Amino acid sequence: MKTLQNLIGGKWVDSHSVSLHDVVNPATEEVIAHYPGGSADDVDRAVEAAVEAQPGWAELPVAERVEYLTRWAAEIAEHAEELAELECQEMGKPVALGRTFIEGGVQGFRTAVHEALTYPFVETLPCADGGGTTILRHPLGATAVITPWNFPVPMVLGALGPLLASGNTVVVKPSERSPLSTARLFELSTLPPGVVNLVLGDARAGAPLVEHGQIRLVHFTGSVEAGRRIGAGTGGRLCRSILELGGKDPVIVDSGVDPVATAAAIAFGAFVNTGQICTSMERIYVHQDIAEAFVDALVDIASTYTLGDGHDAETVLGPLVDARQRDIVHGHVTDAVERGARVRIGGVIPKRKGFFYPATVLTDVDDSMLVMTEETFGPLAPIVVVSSFGEALERAGSSRFALGATVYTHNPDHAAAAAGIPAGVTWINQWQGGGPERLYEPAGDSGMGATGARAAYDAATRPASIHTAPAPASTRS
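Residues numbered from 1 in each chain as written. Predicted model: local features only at pLDDT ≥ 70, side-chain atom pairs only at ≥ 80, totals over all residues. Heavy atoms only, no water.

1. Considering the pattern of salt bridges
- Counted by the stated rule, this structure contains 22 salt bridges.
- Across the salt bridge formed by Arg 344 and Asp 296, the nearest N and O atoms sit 3.6 Å from each other. One end of the pair, Arg 344, is in strand E14 (residues 342–345); the other, Asp 296, is in helix H10 (residues 291–302), and 48 residues separate them in sequence.
- What makes Arg 344 partly exposed here is its relative accessible area of 28%. (Salt bridge = Lys/Arg side-chain N within 4 Å of Asp/Glu carboxyl O. Helix = DSSP H or I, 4+ residues; strand = E, 2+ residues; numbered from the N terminus. Buried < 20%, exposed > 50% of the residue type's maximum accessible area, 1.4 Å probe, protein only.)

Here you go:
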């Protein structure tokens, strides 16, 4: 059985960790590989390699760095099916769905990388005194990226593009729950040695990485608790951090929209990837005028979200990533039912192998329940019936999370009012709409640090100004 290795300075090497842990297929509960627990020594070697490689990488012309990265993107695209297969094995995502997201991730990577060709790394501005100021944007140096388990390949690609194109080098630590696809992604690398490095493990690798004195930026996607620790640590040593943490995204369904079509859209937003998306639809506020028809339609659609192994083309919902995550999801359902919620469909752990959970619709929920206050990260759709759009707007903005929000409405005034929802991204009538031009920063417990478009390059570089004034005039007559 395969034991995964670290990639350090262009070489695949064994970890110095004394422990090995299992990678488990969540559909079959079979052990499919082993990964090292991680160690500070592994991190030291990887950071040293990144620091050593960084000056040479930064000295390359921007166009040459872009060319390197574009070649890697082409290699990844050719292996999208293989990478999707590995994601299915390690975290349960259906292969077809995984391939779609990986292909989208590759395209987003290409777009982000090519942004470097027009980004103003050097900008000269005239000044009133007759001189000029040149603004130089320098790379930060060696950086760290820590990614979650729910989209292993796309999340790595989303973080790496601007960091690498700006001239930084990177040490990546993927989630220990899904290391297989990330390791294969790095096997496909066409970059010079040390530009990207991979360290596997759990907190024994993650903590030393974010605390390392030679790391100049930490890009982290994960839990609120871990994000708080990382933010406190990086802030204490004046190191930048970009933190995308939990979400409890609201959805508003206004009167006047088609209840069946809207229910279909929301079913996808709540259940796709078995609800394991930071921007999954986790709180649904439906106007009373269409609530009954909407709920009936959502229940009917949920019944078509079939469970199964992601290798089966008929499967819509793969398993949750592991037993721990399924326990969280079912715990939220149990809590809601004990407090008076009604299960309209789902809500029962299937009697079968694997960490499966059905698409579940809850009604009669209120804000005392975990399904309305804590991130569930599972295929749940809790519904609150509201009497007005204003009430829905107020309740949508009441969470400590502020990552994304979605509003379905035909009313232009209501669409405009949706801008008041405290979220990094608000979608009107199309969940996950928009493109690479999107720029956002999560708020509240959902994190900090602007990203997207040129903001990602701003975060990956340090501006410095050089002002040149006219030489002093001669005072000799």
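2. Details of the sheet that holds strand E22 (residues 461–468)
- Spatially, E5-E6-E22 is the arrangement adopted by the three strands of the open sheet, whose pairing is antiparallel. Each edge of the sheet is formed by a strand with only one pairing partner; in this case those strands are strand E5 (122–126) and E22. Neighbour-to-neighbour, the strand axes of this sheet turn through a mean angle of 20°, independent of strand direction.
- Here five bridges tie E5 to strand E6 (residues 132–139), and the two strands are oriented antiparallel to one another. Looking across to E6, one finds that Thr 124 is bridged to Thr 134.
- Sitting on the sheet, helix H15 (residues 453–460) touches E6 and E22, and the angle it makes with E22 is about 80°. (Pairing = 2+ DSSP bridges. Axes fitted to C-alpha atoms, helices over the stretch in contact; angles between N-to-C directions. Contact = heavy atoms within 4.5 Å.)

3. Topic: helix H8 (residues 224–236)
- Under the 1.5 Å per step criterion, the end-to-end length of H8 is 18 Å for 13 residues, consistent within 8% with the ideal 18 Å.
- Once H8 finishes, Leu 238 follows within two positions and takes phi at roughly 55°, a positive value. (Expected span 1.5 Å × (residues − 1).)

4. Focus: the UniProt feature "active site" (unreviewed entry) in the chain
- UniProt records the feature "active site" (unreviewed entry) at Glu 244, using the numbering of this structure.
- Within the fold, Glu 244 resides in strand E11 (residues 240–244). (UniProt positions renumbered as here; feature names shortened; annotations may be inferred.)

5. Concerning the nonpolar core
- By size, the foremost hydrophobic cluster in this structure holds 51 residues, and its most contacted members are Leu 69, Trp 72, Leu 160, Leu 164, Leu 185 and Phe 186.
- Ranked by residues supplied to this core, first place goes to helix H5 (residues 152–165) with eight residues.
- Beyond its immediate chain neighbours, meaning those up to four positions away, Leu 185 contacts Trp 72, Ile 76, Leu 83, Val 153, Val 156 and Leu 157.
- Counting residues in hydrophobic clusters, the runner-up holds 35 residues, among them Ala 267, Ile 277, Tyr 305 and Trp 427. (Core = buried A, V, L, I, M, F, W, Y, C linked by side-chain atoms within 4.5 Å.)

6. Regarding the environment of Ser 166
- Note that Ser 166 resides in the loop between H5 and strand E8 (169–173).
- What makes Ser 166 buried here is its relative accessible area of 2%.
- Here the alpha-carbon distance between Ser 166 and Arg 137, two residues 29 residues apart in the chain, equals 8.7 Å.
- The contacts of Ser 166, once residues within four sequence positions are left out, are Arg 65, Phe 121, Pro 139, Tyr 457, Ala 460 and Thr 461.
- A distance of 2.7 Å separates the side chain of Ser 166 from the backbone oxygen of Pro 162, its partner in a polar contact. (Polar contact = N/O pair within 3.5 Å; in protein donor to acceptor, adjacent residues only side chain to side chain.)

7. Some thoughts on helix H13 (residues 389–396)
- For H13, the full list of buried residues reads Phe 389, Ala 392 and Ala 396. When H13 is viewed along its axis, its buried side chains cluster within an angular range of 60° and face the same direction. (Arc of directions from axis to C-beta.)

8. What to know about the domain arrangement of the chain
- Domain annotation of the chain identifies domain 1 (6–246) and domain 2 (250–428).
- Look at where the C-alpha atoms of domain 1 and domain 2 centre, and you get two points 31 Å apart.
- Contact residues are listed per partner, giving 23 residues for domain 1 and 25 residues for domain 2.
- The contact between domain 1 and domain 2 buries some 2,100 Å² in all, and 62% of this surface belongs to carbon and sulfur atoms.
- One can count one salt bridge joining domain 1 with domain 2.
- A salt bridge links Arg 177 to Asp 322; its shortest N-O distance comes to 2.9 Å.
- The tally of links between domain 1 and domain 2 comes to six residue pairs in polar contact (both at pLDDT 80 or more).
- For the side of domain 1 that touches domain 2, the secondary structure elements donating two or more residues are helix H3 (80–91) and helix H4 (95–114).
- For the side of domain 1 that touches domain 2, the class distribution of residues is twelve nonpolar, five polar and six charged. (Domains from an automatic or database assignment. Buried area = accessible area lost by both parts, 1.4 Å probe. Nonpolar A, V, L, I, M, F, W, Y, C, P; charged D, E, K, R; others polar.)

9. Thoughts on the side chain of Asp 42
- Tracing the backbone through its elements, the reader meets Asp 42 in helix H1 (residues 40–59).
- Within the structure, Asp 42 has its side chain in polar contact with the backbone nitrogen of His 16 (distance 2.8 Å).

10. Details of the sheet that holds strand E19 (residues 425–428)
- If you trace the seven strands from one edge of the open sheet to the other, you get E14-E15-E16-E13-E12-E18-E19, paired in mixed fashion. Two strands lie at the open edges of the sheet, namely E14 and E19, each paired on one side alone. The mean inter-strand angle of the sheet, taken between neighbouring strand axes irrespective of direction, is 25°.
- Bridge count for strand E13 (residues 281–287) against strand E16 (residues 380–386) is four bridges, and the pairing is parallel. Bridged to Tyr 285 within E16 is Val 384.
- Helix H9 (residues 259–271) rests against strand E12 (249–253), E13, strand E15 (360–363), E16 and strand E18 (404–408) of the sheet, and its axis sits at about 160° to E13.

11. As for the environment of Asp 14
- Counting through the fold element by element, Asp 14 comes out in the loop between strand E2 (11–13) and strand E3 (20–24).
- Overall, the relative accessible area of 54% leaves Asp 14 in the exposed class.
- Taking C-alpha positions, Asp 14 is 8.9 Å from Thr 3, a pair spaced eleven residues apart along the chain.
- Polar side-chain contacts of Asp 14 include one of 2.8 Å to the side chain of Gln 5.

12. A look at the packing of H1 against helix H7 (residues 203–210)
- Where H1 contacts H7, the two axes come as close as 8 Å, and the packing angle between them is 45°. Relative to H7, H1 is oriented oblique. Where H1 crosses over H7, the two elements pack in a sense that is right-handed. Across the interface between the two elements, Ala 40, Val 43 and Val 47 of H1 pack against Arg 204, Ala 205, Pro 208 and Leu 209 of H7.
- For the contact of H1 with H7, the per-class residue count stands at six nonpolar, no polar and one charged. (Parallel < 35°, antiparallel > 145°, perpendicular 65-115°, else oblique. Left-handed = near helix turned anticlockwise from the far one by under 90°.)

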